[in-house]
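Fold and geometry: a report
Spelled out from the first residue to the last, the chains are:
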Amino acid sequence: MMNIDVLTLFPEMFEGVFGHSILKKAAENEAVKYNVVNFREYADNKHKTVDDYPYGGGAGMVLKPQPIFDAVDDLQSKSGASPRVILLCPQGERFTQKKAEELAEMDHLIFVCGHYEGYDERIREHVVTDEISIGDFVLTGGELGAMVVIDSVVRLLPGVLGNEESHMKDSFSTGFLEHPHYTRPADFRGIKVPDVLISGNHRLVDEWRAKESLRRTYLRRPDLLEDAELTKEQQKWLEEIKAESR
C-alpha cells in the first residue's frame, strides 16, 4: 500500500477529490492510504502562525521552516520509510507522465502545499526531495497542483484501474498522444465511424490506431517526436502524414 501525506493549510479542499471516482476506489481497495494534515498544528508559537515577513523586505508573507520541518519529521518517523517529499512550486520540474510513473514506484509520498509569497529556502534545501510544477502559471496555493499529481500517480498503482493495460496506452505513456476513440452509434447525424474500426480486422485496427496516434502527435505535439526512435514503418507513416498535411 502506498502512503500519501498532504501538508496543507486547507485540508477540506481534498475531501471531494479523495472521496470520489478512482481515488476513492483506490483507497477502498487498499492500494493507497491518504492522510491530509493541517501543518498549522505543528506551529510552536502561541498563535499558531506559519508565516512571517521576508528578510530584506518585499511584498507578501513567507512560510516559516519550523512547522514544515516538524511535520515532515513526524510523518517520516511514523512510517519508518524514506519518503519522497514533494513541493508544489512554479519553479519546479515540469510534471510529466514519466515523473508520475517514477513516483508510482514509491511507498511513501509527502506533498507540501504552500500559500502566500513562497517558502523559506531552508525548506527546499533540507526537507524537499522533489519540486514539481504542473505548468508555467501561478496558482493561489499548491493544493490544486498536488491533486493533479496525486491523481496521475494513484491511477498507475497495481489494481487501481479495471484494465491493467489502460494506463499503458494513455497519451505520453507510449511517447505519443493517444489515438482517437469512437463508440456507438456507427453513424451519428451523418458523421460516421472510420470503416476500419468496424471491419472486425484486429490487425488493421491496431495499425490504424498506431498511425493515428502518430498523426495526432505530429499535428499537436511535434516536439514529442524530436527525440523519438521511430521504426521504419512509423517513419513511412510520418512521411505520409506530412505529405497529407501540406
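Residues take numbers from 1 onward in each chain, read along the sequence in its written order. In keeping with the model being predicted, local features are shown solely for residues with a pLDDT of at least 70 and side-chain atom pairs are shown and tallied solely at 80 or more, while totals for entire chains, interfaces and linings include all residues. Only heavy atoms go into the side-chain values, all of them from the structure, while hydrogens and water stay out.

Remarks on the sheet that holds strand S7 (residues 118-119)
Inclusion rule: At least two DSSP bridges between two strands are required for those strands to pair. Strands here mean DSSP runs of E at least two residues long; helices mean DSSP runs of H or I at least four residues long; both are numbered from the N terminus.
Ordered by their spatial adjacency, three strands build an open sheet running S3-S4-S7, and the pairing between neighbours is mixed. Here the strands that pair on one side only, and so sit at the sheet edges, are strand S3 (51-52) and S7. In the sheet, S3 pairs with strand S4 (residues 62-63) via two bridges, with the strands oriented antiparallel. Within S4, the position partnered with Asp51 by the bridge is Leu63.

Remarks on the packing of aromatic side chains
Put simply, the rule reads: Two rings from Phe, Tyr or Trp (for Trp, the six-membered ring) form a pair when their centres are within 6.5 Å of each other. A pair whose planes differ by under 30 degrees is stacked, one over 60 is edge-to-face, and the rest are tilted. In this scheme, a residue with accessible area under 20% of its type's maximum is buried, one over 50% is exposed, and one in between is partly exposed, where area comes from a 1.4 Å probe on protein chains only.
Within this structure, the stated rule accounts for three aromatic pairs. Ring centres 4.1 Å apart and planes at 5 degrees place the aromatic pair Phe18 and Tyr34 in the stacked group. Of this pair, Phe18 sits in helix H1 (residues 15-18) while Tyr34 sits in strand S2 (residues 32-38), and the two are 16 residues apart along the sequence. Plain terms: the ring middles of Tyr182 and Trp208 are 6.5 Å apart, the flat faces sit at 55 degrees to each other, and that makes the pair tilted. Residue Tyr182 is located in the loop between helix H6 (143-154) and strand S9 (187-188), and its partner Trp208 is located in helix H7 (residues 202-220); the two are separated by 26 residues in the primary sequence. In this structure Tyr182 comes out as partly exposed when scored by relative accessible area, which is 47%. In this structure an aromatic cluster arises from ring pairing among Phe14, Phe18 and Tyr34.

Quick look at the pairing of strand S5 (residues 84-94)
Each regular strand shows side chains that alternate between the opposite faces of the sheet. As paired strands, S5 and strand S6 (residues 108-112) are joined by four bridges and run parallel to one another. Within S6, the position partnered with Leu87 by the bridge is Val112. Bridge count for S5 against strand S8 (residues 130-133) is five bridges, and the pairing is parallel. Among the inter-strand pairings, Leu87 is bridged to a residue of S8, identified as Glu131.

Things to note about the domain arrangement of the protein chain
The criterion, for reference: What counts as a domain boundary in this text is fixed by an automatic or database domain assignment.
On domain assignment, one finds that the protein chain holds domain 1 (2-155) and domain 2 (174-245). Its C-alpha centre places domain 1 at a distance of 38 Å from the equivalent point of domain 2.

Side note on unusual backbone geometry
Leaving glycine aside, a negative phi is the common case for residues, and trans is the common case for peptide bonds. Residue Pro185 is reached from Arg184 by a cis peptide bond, and omega for that bond is 5 degrees. Here Pro185 lies in the loop between H6 and S9. Phi at Ser21 takes a positive value of approximately 55 degrees, unusual for a residue other than glycine. Along the polypeptide, Ser21 turns up in helix H2 (residues 21-28). Exposure remark for Ser21: the relative accessible area of 53% places this residue in the exposed category. One non-glycine residue, Arg189, lies in the positive phi region at around 55 degrees.

Examining the environment of Leu144
Put simply, the rule is: Any two residues having at least one pair of non-hydrogen atoms within 4.5 Å are treated as being in contact.
The residue Leu144 is located in helix H6 in this model. For Leu144 and Lys46, which are 98 residues apart along the polypeptide, the C-alpha to C-alpha distance reads 30 Å. Excluding its chain neighbours within four sequence positions, the residues that come into contact with Leu144 are Met13 and Leu139.

Section: the side chain of Ser152
Locating Ser152 in the fold gives a position in helix H6. Classification of Ser152 by relative accessible area gives buried; the value is 12%. Filtering out sequence-adjacent residues up to four positions away, Ser152 remains in contact with Phe95 and Ala100.

Observations concerning helix H8 (residues 232-245)
Filter applied, for reference: Here a helix's expected span is defined as the number of its residues, less one, multiplied by 1.5 Å. Here, the arc refers to the directions that run from the helix axis to the C-beta atoms.
Here H8 spans 20 Å end to end across 14 residues, near enough to the 20 Å set by a 1.5 Å rise per residue. Among the residues of H8, those classed as buried are Gln234, Trp237, Leu238 and Ile241. For H8, the buried positions fall inside an angular range of 105 degrees around the axis, keeping them on one side. Along H8, the residues that are exposed and aim more than 90 degrees away from the buried face are Lys232 and Lys236.

A short note on the pattern of salt bridges
Note the cut-off: By definition here, a salt bridge exists when the distance from a side-chain nitrogen of Lys or Arg to a carboxyl oxygen of Asp or Glu is within 4 Å.
Inspection of every chain in the model, using the stated rule, returns 15 salt bridges. Note that Arg124 is salt-bridged to Glu131, the shortest N-O span being 2.5 Å. Note on Glu131: relative accessible area 23%, which makes it partly exposed. In this structure, the salt-bridge partner of Asp223 is Arg221, at a minimum N-O distance of 2.8 Å. A relative accessible area of 30% places Arg221 in the partly exposed class.

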